[in-house]
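Survey of secondary and tertiary structure
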Amino acid sequence: MGLREELLKSIWHAFTALDVDRSGKVSKSQLKVLSHNLCTVMKIPHDPVALEEHFKDDDEGPVSNQGYMPYLNKFILDKVQDNFDRLDFNKMCWTLCARKNLIKNYLLITDEDAFKIWCIFNFLSEDKYPLVIVTEEIEYFLRKLTDAMGGSWIEEKFEDYKTQLNSKEQCLTAWELIDLIGTGQFSKGMDRQTLSMGITEVFQELIMDVLKQGYMMKKGHKRKNWTERWFLLRPSAISYYVSEDLTEKKGDITLDGNCCVESLPDKEGKKCLFIIKCTDKSFEISASDKKKKQEWIQAIQTCISLLKLGLPAPHKEARQKRKELRQKLLAEQEELEQRMKDLQTANENKQRELETMRKKLAEAAADAAEEERRRLQTQRELQDRYRMDLEREKMVRQQMEEEVAQKSSEVEQYLQRVHELEDMYRRLEEALEDERQARQDEEAVRKLQARLLEEEAMKRAELEQIHLQQQRAISQTEAEKQELENERLAKEQALEAAMQQLEQLESERRGALEQYEEVMKKLEKAANKTRSWKDKVAQHEGLIRLIQPGSKGPQLITNWGAAAFTEAELSLREKSWQEKKNRTTEAQ
C-alpha cells in the first residue's frame, strides 16, 4: 500500500465524520479547517485561498467527496513528503471521526486502544470505499491478537462467528471491528491489561513496523561497559531506548544490504552474545537466553535479506499476497459465474429449441392424426358403400339362385365384379397412401418453392441494383462519349484553322523568298556597281597617294592592291563582312 492510499483512508474517515447528515457533502468552511489541519500535520505550506479558487465556479453550497478529491490531490497529496509523523496525522483524523462514531459505554478498552485498532483496520481494509475489512483479514488480526495475549486460537468459535457474519454482509466497518474487540468476544478470560498489551503489540508490528522488541544488554563504544537497553527492530533500523516507555532514545543501528549479524562465543562473563556488523561500526549485544538470541539473529538476518532484495516488511508483503490471492479468487469466481451464466443461457436456448421442436412435432402429430382421421373416414365410407353393395349383391344373389339355371352367366359376371370391387378397394387404399405421401412431398416442395422464391426475390433485387448501376454507367458513358465527340470536333476545327494558318504562312514564306531573291539580285547588282566604283576610287587614290617607305615585314595583298589597308582596318572589314554573311544565312 503506497503512501497516498494510506493517507486517503484516514482522510476518508475524517471527511465522512464531517458529513453530519450523511448527504455525501461537507461545507466549505469545514473543508477549509480540515485542509489546514492536514497541511499542518503533514508539514505542507497551506494556501488559504486555494480552496476558494478551486471551487470559484461552483455554487456556495457544500462540496461532495468527488468534488473535494481534485483539490486534495493537487494542493495537498501531490506536495506530501515522507517527513512527517504519521502517528500525529492518524490521531488528527481519529479525533475528528471518533467523536461522532465511537461509543465508549460498554467497551473494555481505552480510547488509545480503540485508536490502535482503528489504525490496524485502515492497514488491513480493502482499497475501495466505503472502507470495510473482509473475513480473511479479521481472522488474521484476531489470530495475531490471540498470539500476542498468549492465548490459544479456537477455530470453532471463529467459524461460528463467521457464519453469523456471512449471513449479514461478510465484512465489518472500523467501528464494528472496535466493538468486536472492545466487547471481549474473542478475549474472554483475559484481563483488560493483557488485552491492551496484545493490541499494542499488534499495533507495533503492523503499523509501526516493529518486527521485534525487548530488553538486551549492549556494549558501549567508548567505555566498553554493558548497559541494558530496550531494542526495537524495524525493517531498516534497530532503535534502542533507556526503557520500554520509549521516552529517551539512545541511538539507532541503521541496517542495509551490506550489514551482517553473527553469533559470538561467551566472553567477559556475558553469554548469548552476537554482533551486528555495519559499514561504519559494529555492535555487540547480549540476549537474555539462547532462544532470544536465536530469535533476534534470525529476525535481523531477515531484515537484511529483505533490504538486499528490495522487498517490504514481512507483514506488508503477506498482506499484499493475501490481497492478490483474494483478487485472483474473485476473478476466478466471476469467471465461473460468467461461465455458469453462459451455460444457463445456452441451456435456456436449448430448452427453447426443444420446446419449438416439441411444438412442431405436436403440430406434425396433429396433422398426421387429422390425415389418419380423414383416411379412416374415407375407409368407413368405402366400407359402408361396399357393405351396401354386398347387400345389394346378396339380394341379387338370392334372385340369381332362384334363376340359377337361367342366369348362370350372370353369376360369373357377378363374381368377376366382386373381384373387381376388391381390387378397386385395394387400389383405393394404395391411392390414399399415395395421396398422403404426395401431401408430404407437396409440403416439402412448397417449402422449397418458398425458399426459391425468397432467393429469387433477393437475386431480382441484386439484378435490379446491377441494372441501375449499368444504367448509371451507360448514362455516364453516354455523357463522356458526347463530351469526347465535342472535344474531337473542337480539335478538328482547331486543326483546320491551323492548316489554314500553315498554308497562309507557306504562301507568305514563298512571297518572302521571291522578295529575297529580288533583293539578292539587286544587292549583287549594287555590289558589282560598288566594286566598279571602288576600283575607280582606288585608281584615283593611288594616283594621289604619297610615296612612303614600305614595311619591312610581309605585305598584305588584297583586291585593292598591295598594302591598301592596315591590319586593324582589314580585321574590322572582315568582321563586318562575316556579320553580313551570318544575317544573310539566317534570313534564308
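Please read all numbers here as calculations on a predicted model, not as lab measurements.

Contact pair helix 5 (residues 86-101) / helix 6 (residues 111-124): the axes reach a minimum separation of 11 Å and the direction vectors enclose 105 degrees. For the element pair helix 5 / helix 6, the angle class is roughly perpendicular. Where helix 5 abuts helix 6, its residues L87, N90, K91, C93, W94 and C97 lie against D111, E112, A114, F115, W118 and C119. In terms of residue class, the contact of helix 5 with helix 6 is made up of 8 nonpolar, 1 polar and 3 charged.

Turning our attention to helix 10 (residues 192-206). The terminal C-alpha atoms of helix 10, which comprises 15 residues, lie 21 Å apart, in line with the 21 Å expected from a rise of 1.5 Å per residue. Listed in full, the buried residues belonging to helix 10 are L195, G198, I199, V202, F203, Q204 and L206. At its buried positions, helix 10 is contacted by helix 5, helix 6, helix 7 (135-149), helix 9 (174-182), strand 5 (212-219) and helix 12 (314-402).

Judged by nonpolar contacts, the single largest core of 66 residues is most densely connected at L38, I76, W94, W118 and I178. Setting aside residues up to four positions removed in sequence, L38 forms contacts with I11, Y68, L72, I76, F89, M92 and C93. Of all hydrophobic cores here, the second largest spans 22 residues; its members include I238, I253, C259 and I300.

Time to look at the side chain of E284. Within the secondary structure, E284 sits in strand 11 (residues 282-286). For E284, a relative accessible area of 17% translates into the label buried. Not counting the four nearest positions on each side in its chain, E284 is found in contact with M217, K218, K219, W226, L264, K267, F274 and I275.

This part is about a nonpolar patch on the surface. Together, L336, M340 and L343 make up a nonpolar patch on the protein surface, roughly 320 Å² of accessible area in all. Here L336 shows up in helix 12. The class of L336 is partly exposed, set by a relative accessible area of 47%.

A word on the packing of aromatic side chains. A complete count under the given rule lists 15 aromatic pairs for this structure. Seen in terms of ring centroids, Y161 and F186 are 5.5 Å apart; in terms of plane orientation they differ by 85 degrees. Their pairing is edge-to-face. With Y161 in helix 8 (residues 155-166) and F186 in the loop between helix 9 and helix 10, this pair connects stretches of sequence that are 25 residues apart. Just as Y161 is buried, F186 falls in that class too. Members of the aromatic cluster, joined through ring pairs, are W94, F115, W118, W175 and F203. The ring of F123 has R319 lying over it, and the distance from NZ or CZ to the ring centre is 5.5 Å. A cation over an aromatic ring shows up here: R322 above the ring of Y140, its NZ or CZ 3.8 Å from the ring centre.

Another aspect to go through is the pairing of strand 11. Put simply, side chains in a regular strand alternate between the two faces of the sheet. With 4 of 5 residues buried, strand 11 lies mostly within the body of the structure. Looking at chain direction, strand 5 and strand 11 are connected through 2 bridges and run antiparallel. Its bridge partner lying in strand 11, K218 is registered against I285. As paired elements, strand 10 (residues 273-277) and strand 11 share 5 bridges and run antiparallel to each other. Residue pairing across strands places I276 opposite F283, the latter belonging to strand 11.

This part covers the environment of K350. Checked against the element boundaries, K350 lands in helix 12. Considered as a pair, K350 and M197 are 153 residues apart in the sequence and their alpha carbons are 63 Å apart.

Moving on: the pairing of strand 7 (residues 237-241). Among the 5 residues of strand 7, 5 are classified as buried, and the element is accordingly described as predominantly covered. The alternating pattern of strand 7 places A237, S239 and Y241 and I238 and Y240 on opposite faces, both of which are buried. Examined bridge by bridge, strand 6 (residues 226-234) and strand 7 share 5 bridges and lie antiparallel to one another. Across the sheet, residue W230 finds its bridge partner in strand 7, namely Y241. With antiparallel pairing between neighbouring strands as the criterion, strand 6 and strand 7 make up a hairpin whose turn holds 2 residues. Across 5 bridges, the pairing between strand 7 and strand 8 (residues 249-254) is antiparallel. For Y240, the partnering residue across the bridge sits in strand 8 and is G251.

Moving on, we come to the sheet that holds strand 5. Strand order in the open sheet formed by 7 strands is 8-7-6-5-11-10-9, and the pairing between neighbours is antiparallel. Two strands lie at the open edges of the sheet, namely strand 8 and strand 9 (260-264), each paired on one side alone. Across the sheet, the axes of successive neighbouring strands diverge by a mean angle of 35 degrees, strand direction being ignored. Helix 11 (residues 290-309) contacts strand 5, strand 6, strand 7, strand 9 and strand 10 of the sheet and is inclined by roughly 160 degrees relative to strand 9.

A few words now on the pattern of salt bridges. Tallied over the entire structure, the rule returns 37 salt bridges. Across the salt bridge formed by E487 and K491, the nearest N and O atoms sit 3.4 Å from each other. With E487 and K491 both in helix 13 (residues 408-544), this residue pair falls 4 residues apart, about one helical turn. A cluster of three or more residues bridged by salt bridges with shared partners is formed by E126, E136, E137, R322 and R326.

Take unusual backbone geometry next. For residues other than glycine, phi is negative in most cases, and the peptide bonds are mostly trans. The peptide bond linking Y129 to P130 adopts the cis configuration, its omega dihedral lying at 0 degrees. Here P130 shows up in the loop between helix 6 and strand 3 (133-134). For K224, which is not glycine, the phi dihedral falls at a positive 60 degrees. Structurally, the position occupied by K224 is in the loop between strand 5 and strand 6. With phi around 55 degrees, C272 is a residue other than glycine that occupies positive phi space. With respect to the secondary-structure elements, C272 resides in the loop between strand 9 and strand 10. We classify C272 as buried; its relative accessible area is 11%.

Time to look at the confidence of the model for the chain. With 90% of its residues at a pLDDT of 70 or more, the chain shows a mean pLDDT of 82. Considering only residues more than four positions removed or in separate chains, one finds that residues 542-548, a stretch of pLDDT under 50, has 2 contacts.

It is worth spelling out the packing of helix 2 (residues 28-41) against helix 5 at this point. At a minimum axis separation of 9 Å, helix 2 and helix 5 run at an interaxial angle of 160 degrees. Here helix 2 is positioned roughly antiparallel relative to helix 5, judged by the angle of their axes. Of the two elements, helix 2 crosses helix 5, and the hand of that crossing is right-handed. The segment helix 2 lies against helix 5, with L34, N37, L38 and V41 engaging D88, F89, M92, C93 and L96.

Conventions we followed
- Each chain carries its own residue numbering, running from 1 in the direction its sequence is written.
- Restriction of local features to residues with pLDDT of at least 70 applies here, the model being predicted, together with a cutoff of 80 or more for giving and counting side-chain atom pairs; totals for whole chains, interfaces and linings are based on all residues.
- With hydrogens and water set aside, each side-chain value is computed from the structure's full complement of heavy atoms.
- Every axis corresponds to a line fitted to the C-alpha atoms, with the helix fit spanning only the stretch in contact, and the corresponding angles, defined between N-to-C directions, vary from 0 to 180 degrees.
- For the purposes of this entry, the term helix denotes a DSSP run of H or I that reaches at least four residues, the term strand denotes a run of E that reaches at least two, and both are numbered from the N terminus.
- When describing relative orientation, an angle under 35 degrees is termed roughly parallel and one over 145 degrees roughly antiparallel, while 65 to 115 degrees is termed roughly perpendicular and anything else oblique.
- What makes two residues a contact is simply this: any of their non-hydrogen atoms within 4.5 Å.
- Here the term charged refers only to Asp, Glu, Lys and Arg, the term nonpolar to Ala, Val, Leu, Ile, Met, Phe, Trp, Tyr, Cys and Pro, and the term polar to all other amino acids, Gly among them.
- Expected helix span is computed as 1.5 Å times (number of residues minus one).
- Burial classes: relative accessible area under 20% of the type maximum marks a residue as buried, over 50% as exposed, and values in between as partly exposed (1.4 Å probe, protein chains only).
- The criterion is simple. A nonpolar core is a set of buried Ala, Val, Leu, Ile, Met, Phe, Trp, Tyr and Cys residues joined through side-chain atoms within 4.5 Å.
- The patch calculation keeps residues exceeding 30% relative accessible area without a salt bridge and links them within 9 Å when they carry like charges or within 5 Å when they are nonpolar (Val, Leu, Ile, Met, Phe, Trp, Tyr).
- The method behind every accessible area is Shrake-Rupley, applied with a 1.4 Å probe, and residues are considered shielded solely by the protein chains displayed.
- Each salt bridge in this description consists of a side-chain nitrogen of Lys or Arg and a carboxyl oxygen of Asp or Glu lying within 4 Å of one another.
- For this analysis, a ring pair means two rings from Phe, Tyr or Trp (six-membered ring only for Trp) whose centres lie within 6.5 Å, classed as stacked if their planes differ by under 30 degrees, edge-to-face if by over 60, and tilted for the remaining angles.
- Throughout this description, the term charge over a ring refers to an Arg CZ or Lys NZ atom that lies within 6 Å of the ring centre and within 35 degrees of the ring normal.
- For two strands to count as paired, DSSP must find a minimum of two bridges between them.
- A residue's pLDDT is simply how confident the predictor is in it, with values from 0 to 100.
- Throughout, a crossing is termed right-handed when the near helix is turned clockwise from the far one, and left-handed when it is turned anticlockwise from it by less than a right angle.

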